[in-house]
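In case you want the letters, here they are:
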Amino acid sequence: MALRDVLKFPDERLRRVSQPIEEITDEVRELARDMLEVMYDEPGIGLAAPQVDAPVRLIVVDTEWTEEEAERNPLVLVNPELVDTSGKITWTEGCLSVPDFEAEVERAERVRLHAEDLDGKEVEIEAEGLQAVCLQHEIDHLDGVLFIDRISRLKRNRYTERRKKQIRREREEAEEA
Ligand code: K1U
Ligand code: ZN
């Protein structure tokens, strides 16, 4: 099966608020499998369902697999909800839906969240550092929020203009071909 495409800014589908998952069906399990494939293929350290045009509250995260010798150890979280945060950390973030751009974002340094796993079991996750940053970034996607919404308007506007030019150029090149 072909990999699912990742939606790219400024696609309005990235702005939808995703719906809670009421029942963990085979379709949900298949979506989670597909998301892991996309995340490892891109490569990325996280992915949220709306990025592959599935507006439901499902995220996958694996912040260690890219390190040498590290095994794949993905977290697959259904209906994740932040229940506590503490501290502050600034991290240079990227996003598979925001091509060719990175920027510093301030977030909570430690998080505690509730979610369900793919067996419908309730889980509580505590994370810090990069894993906490990544979890907050992915939960933002479920609410239609992108990391560029959390940087200065000047930087966001500059990126938006550059991205529009990039899209125009790509369209022209496709027409010429
Ligand atoms: O949500 C996404 O688009 C995935 C995104 C997650 C993320 C990255 C950095 C900070 C917070 C959240 C990415 O994975 S971008 C790619 C990336 O960070 C990476 C890719 C390969 C190796 C190491 C990092
Ligand atoms: Zn992202």
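Provided above is the structure to which this section pertains.
Figured I'd write up the structure that's included with this text. (Residues numbered from 1 in each chain as written. Chains lettered and ligands numbered in written order. Predicted model: local features only at pLDDT ≥ 70, side-chain atom pairs only at ≥ 80, totals over all residues. Heavy atoms only, no water.)

**Some details on the site of ligand 1**
Here is step 1 of the chain: Near ligand 1 you find 15 residues, and of these Ile 45, Gly 46, Gln 51, Leu 96 and Glu 138 are the closest.
Here is step 2 of the chain: At 2.7 Å, a side-chain N or O of Glu 138 approaches an oxygen atom of ligand 1.
Here is step 3 of the chain: Protein chains shield 80% of the accessible area of ligand 1, which is 540 Å² for the free molecule.
Here is step 4 of the chain: A total of 5 residues in the shell around ligand 1 trace back to one element, the largest contributor, which is helix H2 (residues 129–142).
Here is step 5 of the chain: For the shell around ligand 1, the per-class residue count stands at 6 nonpolar, 7 polar and 2 charged. (Near = heavy atom within 4 Å. Polar contact = N/O pair within 3.5 Å; in protein donor to acceptor, adjacent residues only side chain to side chain. Areas by Shrake-Rupley, 256 points an atom, 1.4 Å probe, with all protein chains shown as cover. Helix = DSSP H or I, 4+ residues; strand = E, 2+ residues; numbered from the N terminus. Nonpolar A, V, L, I, M, F, W, Y, C, P; charged D, E, K, R; others polar.)

**Notes on the coordination of the zinc ion (ligand 2)**
Here is step 1 of the chain: Within the protein, the zinc ion (ligand 2) binds to Cys 95 (SG), His 137 (NE2) and His 141 (NE2); these donor distances fall in the range 2.1 to 2.2 Å.
Here is step 2 of the chain: Along the chain, the residues donating to the zinc ion (ligand 2) are arranged with the sequence spacing C-x41-H-x3-H. With His 137 and His 141 both in helix H2, this residue pair falls 4 residues apart, about one helical turn. There is no split in this pair, since His 137 and His 141 are both buried. (Donors = N, O, S within 2.8 Å, 3.2 Å for Na, K, Ca; no water. Buried < 20%, exposed > 50% of the residue type's maximum accessible area, 1.4 Å probe, protein only.)

**Some thoughts on the layout of surface pockets**
Here is step 1 of the chain: Estimates place the volume of the largest pocket at around 290 Å³.
Here is step 2 of the chain: Lining the largest pocket are 18 residues, and of these Ile 45, Gly 46, Gly 94, Cys 95 and His 137 lie nearest its centre.
Here is step 3 of the chain: Counting only elements with at least two residues in the lining of the largest pocket, the list comes to strand E4 (89–95) and H2.
Here is step 4 of the chain: The leading source of residues in the lining of the largest pocket is H2, at 6 residues.
Here is step 5 of the chain: Grouping the amino acids of the lining of the largest pocket by side-chain chemistry returns 8 nonpolar, 7 polar and 3 charged.
Here is step 6 of the chain: The volume enclosed by the second largest pocket comes to roughly 150 Å³.
Here is step 7 of the chain: Taken together, Val 61, Asp 62, Thr 63, Glu 64, Glu 67, Asn 73, Leu 75, Leu 130 and Gln 131 make up the lining of the second largest pocket.
Here is step 8 of the chain: For the lining of the second largest pocket, the per-class residue count stands at 3 nonpolar, 3 polar and 3 charged. (1 Å grid on protein atoms, 1.4 Å probe; cavity = no way out; pocket = protein on both sides within 12 Å on 5 of 7 lines; lining within 4 Å. Points joined across faces, edges and corners; volume = space filled by probe spheres on them.)

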